[in-house]
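Here is how the chains run, residue by residue.
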Amino acid sequence: MAPIDTPEAPLKSSAAPENHDRSMGQLVVDVALRVLLFATALVAVIIMVTSKQTKMIPVAPGLVVPLDAKFDHSPAFIYFVAALSVACLYSIITSVLSVFALMRGGSSTKMQFHFVMFDALLLGIVAAATGAAGGVAYIGLKGNSHTRWNKICNTYGSFCFHFASSILLSLVSSITLLLLVWLSIYVLSKKIARR
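Residues numbered from 1 in each chain as written. Predicted model: local features only at pLDDT ≥ 70, side-chain atom pairs only at ≥ 80, totals over all residues. Heavy atoms only, no water.

Draft legend 1. Fine view of the pattern of salt bridges. Counted under the stated rule, the structure contains two salt bridges. In this structure, the salt-bridge partner of D30 is R34, at a minimum N-O distance of 3.0 Å. Of this pair, D30 and R34 are both found in helix α1 (residues 15–49), four residues apart, which corresponds to roughly one turn of the helix. Residue class for D30 comes out buried when judged on its relative accessible area of 3%. The class for R34 is buried, based on a relative accessible area of 0%. When the shortest N-O distance is used, the salt bridge between R34 and D119 registers 2.9 Å. Of this pair, R34 sits in helix α1 while D119 sits in helix α3 (residues 109–142), placing them 85 residues apart in sequence. Here the two residues R34 and D119 agree in accessibility, since each one is buried. Through salt bridges with shared partners, one network takes in D30, R34 and D119. (Salt bridge = Lys/Arg side-chain N within 4 Å of Asp/Glu carboxyl O. Helix = DSSP H or I, 4+ residues; strand = E, 2+ residues; numbered from the N terminus. Buried < 20%, exposed > 50% of the residue type's maximum accessible area, 1.4 Å probe, protein only.)

Right, here's the structure in full:
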């Protein structure tokens, strides 16, 4: 008898596990970025809030007065601390949600959509606060001869170093938020494309 050719069973596609692994990898990156946002925002707030320096400033011959430089002397710095405090709280909440999604095996489209909206909103708030604080910091560093605003960084060097470090960390927070928005949009586009 001649052997009967039986058709071979089709090979199983590995696309489903690969998509699942990629989705889990994206969630791990999401959690890592949210933890980075928390760390940079928290450290920036702590550095800004603890930036205080007192100097003895001569106001007349033989008369010196102690003058403080603190973050709460500038509305821009107060806004900066408030915005980064909100970013810190937001990163805690969204990190927990991302970890729960990671434990469940994936995030929902609805959750990703909310992440995009709130990440973009917070990016605008943090970037605006960073710009406002940076503008005040630049005036403190260089002064403005047209308006007769004197520079203060030549007198309050430690204070200026503190708020410059805080603004640099806030820039890292802004970039982290931008990466989170891009990641969420990428994940959403992949989910929509699969439908």
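Draft legend 2. Structural view of the pairing of strand β2 (residues 63–70). The pairing of strand β1 (residues 52–60) with β2 spans eight bridges and is antiparallel. Within β2, the residue paired with P58 across the bridge is V64. Where β1 folds back on β2, the antiparallel hairpin that results is connected by two residues, among which G62 adopts a positive phi of roughly 85°. (Pairing = 2+ DSSP bridges.)

Draft legend 3. Focus on empty space enclosed by the protein. In this structure the tally under the stated criterion is one cavity of 30 Å³ or more. One number sums up the size of the largest cavity: a volume of about 60 Å³. What lines the largest cavity is simply S23, Q26, L27, D30, S107, Q112, L183, S184, V187 and K191. Classifying every residue of the lining of the largest cavity gives three nonpolar, five polar and two charged. (1 Å grid on protein atoms, 1.4 Å probe; cavity = no way out; pocket = protein on both sides within 12 Å on 5 of 7 lines; lining within 4 Å. Points joined across faces, edges and corners; volume = space filled by probe spheres on them. Nonpolar A, V, L, I, M, F, W, Y, C, P; charged D, E, K, R; others polar.)

Draft legend 4. Highlighting the packing of aromatic side chains. Counting across every chain of the model gives three aromatic pairs. Measuring from centroid to centroid gives 5.1 Å for F77 and F163, while their planes differ by 40°, and the two rings are tilted. Here the residue F77 occupies a position in helix α2 (residues 75–104), and F163 occupies one in helix α4 (residues 157–194), the gap between them amounting to 86 residues. Taken together, the ring pairs in this structure connect F77, F159 and F163 into an aromatic cluster. (Phe/Tyr/Trp six-rings, centres within 6.5 Å; stacked < 30°, edge-to-face > 60°.)

Draft legend 5. Up close: the nonpolar core. Counting 32 residues, the largest nonpolar core has M48, F77, F80, L84, F163 and L177 as the members making the most contacts within it. Broken down by secondary-structure element, the contributors of at least two residues to this core are α1, α2, α3 and α4. When sequence neighbours within four positions are dropped, the list of residues in contact with M48 reads F71, F77, F80, V81, F163 and S166. (Core = buried A, V, L, I, M, F, W, Y, C linked by side-chain atoms within 4.5 Å. Contact = heavy atoms within 4.5 Å.)

Draft legend 6. Looking closely at the UniProt feature "transmembrane region" (unreviewed entry) in the chain. UniProt marks residues 31–49, 76–103, 115–141 and 161–188 with the feature "transmembrane region" (unreviewed entry), using the numbering shown here. Secondary structure across residues 31–49 divides into 100% helix and 0% strand, with the first and last C-alpha atoms of the span separated by 27 Å. (UniProt positions renumbered as here; feature names shortened; annotations may be inferred.)

Draft legend 7. Structural view of the environment of K190. Along the chain, the position of K190 falls in helix α4. Its relative accessible area of 37% is what places K190 among the partly exposed residues. On a C-alpha basis, the gap between K190 and S23 in space is 9.5 Å, while along the polypeptide they are 167 residues apart.

Draft legend 8. Representation of the layout of surface pockets in the model. Estimates place the volume of the largest pocket at around 280 Å³. Considering the residues around the largest pocket, the lining is formed by 15 residues, among which S74, V136, G140, I152 and F159 are closest to the centre. When contributions to the lining of the largest pocket are tallied by element, the ones reaching two or more residues are β2, α3 and α4. Across the lining of the largest pocket, the residue classes tally to nine nonpolar, four polar and two charged.

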